[in-house]
Structures are given as C-alpha cells and as structure tokens.
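Coordinates in review
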There are 2 protein chains.
Amino acid sequence: MQPALAPKNNVEQAIRQCGLFDDLSQTSLAHFVQSATTITLKKKGIIFLQDDRAEFFYLILQGWIKMFRETLDGTEVVIDILSDGQLVGETAIFEDTIHNFSAEAAEKATLLRIPTQILKQVIESEHQMALNMIQNITQKHLRQTHEIEHLNIQNASQRLGCFLLRLCPDANKKTAKIQLPYDKTLIASRLGMKPETFSRALAKLKAETDIEINNNMVQVNNQQSLVHYTCNHCSGSFPCQNNE
Amino acid sequence: MQPALAPKNNVEQAIRQCGLFDDLSQTSLAHFVQSATTITLKKKGIIFLQDDRAEFFYLILQGWIKMFRETLDGTEVVIDILSDGQLVGETAIFEDTIHNFSAEAAEKATLLRIPTQILKQVIESEHQMALNMIQNITQKHLRQTHEIEHLNIQNASQRLGCFLLRLCPDANKKTAKIQLPYDKTLIASRLGMKPETFSRALAKLKAETDIEINNNMVQVNNQQSLVHYTCNHCSGSFPCQNNE
C-alpha cells in the first residue's frame, strides 16, 4: 500500500461526487478533503482484514474491491465486490470500530483513504451527515434484501442471468454486448458458486437463452429471452431500480 | 386489524424499551407515545403489502411477524421473521416511503402502530434520533451480511443447525431442550428451503449430531457436536454475538 498526497482538486471532486457527502457544510467538506490520502494497490493488495480496528474507510476511485470473510474451516466467502465511487468500511464506526469483513483489490486499484474518526466527528456534529449516513446504509440494506431473495429462490443460472442483465447498457434494445467486469472465478465467488457450479450454470444459461461467450465478452442476442428466464423469479421487474 | 387505544403506560414502557428511542428528548418521546395505537392481528392478518405507501411503522409487542416478497411467477420469499421488541417497516422513510416487502402475522400478534411522518419529523429535528436510526439500520445490515454468508456456504443441514443453536439458552451446557418458535413449514421458508429440502436437512442433522425432535420440541443431547457440525462453516464463532 503506497500512500501519496493526491492533487487536492481531484480529491475534492471525488468527495463531492459521492452521495455520502451531499449538502455538507464547506467546513466539513474541507475537513474530509484535507484528511484524505490517495493509495494505490496491486492486484490482491490487502486494504484491511476482518476484525482489524477500523482506523480508515475508503472511497474507490478506480478498480474492483473484493469484500470477503473467512470461515473457521478456511473457506473464503465473498460478501460483495464494489467499484468506482463506492465506499468500503464506512459502516464500521457503528460496529465498535471493527471491520467485520476483509477487503482486497481484485485488480490494480486506487482509493481515497479517510480517517474514520473524522466521519464519526462530523456525524456527531452535523445533522446532514447523519441523514446521509442513514441513506447510505439503507441503500446497502435494500441491496442485501434483494440478494437474500435471489439466493433463496433463484437457481445458479438465473443468478448468473441477473448478473449479466445488470451489465446490459440499454433495457430497450434487442441485443447487447457486454464485457465481464472481472474474471470468471471471481464472478463465481461473488455469486456464491463453486467453479464447477458456475460452469454448469453458464452452459444451462447458453442453452436456455440466446447468449454467446468468448473469453470475457458476452453477446446477448435476445435480451428479452434473458429477462424472461431470469426476472420471472424475482420480486422486482426489469430494468432494476437503483439498489435492487 | 383492530386499532384500540392502549393504556398509555404500557405504550410508553414498550417505546422506552426499544433501542430506536434511546436517549430521546421527553418531547419527542411523548410525541411517539401519544401517536401510537395498539393493534391486534389474527394469524395471517396482513399488516401491509409490498409497494404500499408506508403511512405507519410498527413495534412488535407480542407475536411473530413474517416479512415476505412475491416474485412475478407468484413464489413467496420469506425475507425475515421478527418478534417481540423488534421494528417492522421503519426503514421505508428512506425508500420513498414505500414498503419494499409485505408483512403479516405468522400467528396472533399485538403491535404498536406509529405514523411514519412522526419518525421522519423527529429524525429531521433531533440529532439523537438520526444516530439511533443509523445504529438500527447498521444492525440489520450486519445481520443480513451473516445471512448472505450462510446462504452462500452452508448446506441446508448447517443452516438448520445454526437456527437451532441460536435458540439454545446456554452455550456452556452440554444439552439443551428447545421449543421451536413457529411451525416447521415457516422455519423452512425462513431458511429458504422447500419442505422436502427441509425434511432431508432435518434427517441429515439428526444423523450427524445427537438431536431428537418430537413435534415442536427439540432435544439437543450434545450441543458441542451441533456447534462443530455447524459453526466450522461460518466466519463467526459460537456463541454468536448480537446481530450475527
């Protein structure tokens, strides 16, 4: 992990674009900007480990960050994979300032590192910050509710279909060409599948809907067919709203 | 649903015991107490439906409340089952005041019904209320993180074992006698299992650990064996902390 003083203009821009800091006073914003440090990580670089004291939280500037937990018998469970503009570890201030998961870079990544203590102070002192924090955690909660629903009732192919549909750029087009955001092993982990389950799910999805896969490119020839196969087994409807 | 004016003493006591209202000003507390109405519901009585406008949120005084969603093809997915002292529907104020799930009484139940508008007003006007709300949603978020982990890596028998261990009153005793809190069909739904999966999981759990089941009573003859079978496949350790 290589801390570096970033140009403050870029830092300020990234902070202003993140919903957590919406409508804050200039004083609080300046407080965050001045205390933020840019760090870069290589692939598999550890940001923090489960049960570490949460001295910092992070805003992802670029890259994919894997959040995971390890069971007593050593199995790694991927909880989430986050990307540009998303926050990592900010909820720890309400969990005895302990990170309840580990976080590492799934590929080369750049993040802003901000002291948790400052977030805590601003939440205590500025009402708008507390409201933003509620909004932030509520969105995470809602996303997780959907994920629990999917894990409960969708089969592996449908969960994979759902993952692909979220990457389709236009809900109204018949076809779509998608680049997989990270490697298939990681997609399998993110979807809670063993590699062999993932391969079977992919084969079934190809057979049931009109998709083709070539390395990390996916050609969806009939988006409606993929929607029909996947979204009938969901309480939402396509295209998903934010956080669904 | 039968609204009734409850003795205000009882209402006040229930509200004071709920963490969401900790350390609030007397004015805000009185506001909640005066606007709360006690309602009783028969088994399967609907509290609200998914996509209803959230005019009220609820504090469970007694009974089990099932929260669920329905998929496009009509399958019901149980998101959670809550009981005495827990809140239902309070997060809707940050979700465009729309309930994103349905709620019904799993058996006869009594709840306090409180206007969402008042919660919204107090969050806007009193900082402590906003802090309490953050704490409340963070705990839900943490509980869901554990649930996603379990759905990802535990098999059906382990998830059932986990459910039973949470009901064991004393982590240090060799044996435990547990009463199932609600019927087995509902436990299966809560654990995201079809009835036949639940039966197989129960049979396997009996074979692997020393438990006996008689109607709704479970005799755990070797708690350590149940812990070993279940908790090795979890990132936490037995006994669970709050919200795990």
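Here the structure is a predicted model, which means the values were calculated and not measured.

What follows deals with the relation of the copies chain A and chain B. For the match of chain A to chain B, the screw axis carries a shift of 0.0 Å, the RMSD comes to 0.0 Å, and the turn is 180°. Within this description, the copies of the chain are treated as partners about a two-fold rotation axis. Of the interface residues in chain A, 100% have counterparts in chain B that sit at the interface too, so the contact is made through matching surfaces.

Another point: the domain arrangement of chain A. Residue and element names in this part refer to chain A. Parsing chain A into structural domains produces domain 1 (8–150) and domain 2 (154–231). Here the C-alpha centre of domain 2 lies 28 Å away from the C-alpha centre of domain 1. Applying the counting criterion to the domain 1 and domain 2 interface returns 2 salt bridges. The salt bridge partner of Asp80 is Arg190, with a shortest N-O separation of 3.2 Å. Elements with a contribution of two residues or more to the side of domain 1 that touches domain 2: strand E6 (76–82) and helix H4 (127–153). Of the residues forming the side of domain 1 that touches domain 2, the biggest block, 4 residues, is contributed by E6. The residue makeup of the side of domain 1 that touches domain 2, split by class, is 5 nonpolar, 1 polar and 6 charged.

This part is about the packing of aromatic side chains. One pass over the full model with this rule turns up 10 aromatic pairs over all chains. Arranged with centres 6.2 Å apart and planes meeting at 65°, the rings of Phe163 of chain B and Tyr182 of chain B form a pair that is edge-to-face. Highlighted residues: Phe163 of chain B in helix H5 (residues 156–165) and Tyr182 of chain B in the loop between strand E10 (176–179) and helix H6 (184–190), separated in sequence by 19 residues. Take Phe163 of chain B and Tyr182 of chain B: they sit in the same class, and that class is buried. Here a set of aromatic residues connected by ring pairs shows up, and it is made of Phe48, Tyr58 and Phe101 of chain A. Its guanidinium or amino end placed over the ring of Phe68 of chain B, Lys66 of chain B lies 5.0 Å from that ring's centre, counting from NZ or CZ. The ring of Phe56 of chain B is capped by Arg113 of chain B, whose NZ or CZ atom sits 4.4 Å from the centre of that ring.

Before going further, it helps to spend a moment on the nonpolar core. In terms of nonpolar packing, the biggest core is built from 56 residues, with Ile15 and Phe32 of chain A together with Ile15 and Phe32 of chain B touching the most fellow members. Residues in contact with Phe32 of chain A, not counting those within four places in the same chain, are Ile15, Phe21, Leu24, Phe57, Ile114, Ile118, Leu119, Val122 and Met129 of chain A.

Okay, the side chain of Ser102 of chain A next. Residues and elements named next belong to chain A. Structurally, Ser102 can be placed in strand E8 (residues 102–105). A distance of 2.8 Å separates a polar side-chain atom of Ser102 from the backbone nitrogen of Gln50. The contacts of Ser102, once residues within four sequence positions are left out, are Phe48, Leu49, Gln50, Lys66, Met67 and Phe68.

Moving on to the side chain of Lys66 of chain B. Residues and elements named next belong to chain B. Mapped onto the fold, Lys66 is located in strand E5 (residues 65–70). Given a relative accessible area of 8%, Lys66 falls into the buried group. Excluding residues within four positions of it along the chain, Lys66 makes contact with Glu76, Val78, Asp80, Ile81, Ser102, Ala103, Glu104, Ala106 and Leu186.

Let us look at helix H3 (residues 116–125) of chain B. Those residues of H3 of chain B not exposed but buried are Thr116, Ile118, Leu119, Val122 and Ile123 of chain B. Buried positions in H3 of chain B, seen along its axis, are confined to an arc of 160° and lie on one side of it. The elements touched by buried residues of H3 of chain B are H4 of chain A together with helix H2 (26–35), strand E4 (56–62), strand E9 (109–115) and helix H4 (127–153) of chain B.

Turning our eyes to something else, we now look at the packing of helix H3 (residues 116–125) of chain A against H4 of chain B. Their axes nearest at 9 Å, the elements H3 of chain A and H4 of chain B cross at an angle of 135°. Taken together, H3 of chain A and H4 of chain B sit at an angle that is classed as oblique. Residues Ile123, Glu124 and Ser125 of chain A of H3 of chain A lie in contact with H4 of chain B, whose contacting residues are His127, Leu131 and Ile134 of chain B.

Scoring rules and cut-offs
Residues numbered from 1 in each chain as written. Chains lettered and ligands numbered in written order. Predicted model: local features only at pLDDT ≥ 70, side-chain atom pairs only at ≥ 80, totals over all residues. Heavy atoms only, no water. Least-squares fit on C-alpha atoms with pLDDT ≥ 70 in both. Contact = heavy atoms within 4.5 Å. Domains from an automatic or database assignment. Salt bridge = Lys/Arg side-chain N within 4 Å of Asp/Glu carboxyl O. Helix = DSSP H or I, 4+ residues; strand = E, 2+ residues; numbered from the N terminus. Nonpolar A, V, L, I, M, F, W, Y, C, P; charged D, E, K, R; others polar. Phe/Tyr/Trp six-rings, centres within 6.5 Å; stacked < 30°, edge-to-face > 60°. Buried < 20%, exposed > 50% of the residue type's maximum accessible area, 1.4 Å probe, protein only. Lys NZ or Arg CZ within 6 Å of the ring centre and 35° of its normal. Core = buried A, V, L, I, M, F, W, Y, C linked by side-chain atoms within 4.5 Å. Polar contact = N/O pair within 3.5 Å; in protein donor to acceptor, adjacent residues only side chain to side chain. Arc of directions from axis to C-beta. Axes fitted to C-alpha atoms, helices over the stretch in contact; angles between N-to-C directions. Parallel < 35°, antiparallel > 145°, perpendicular 65-115°, else oblique.

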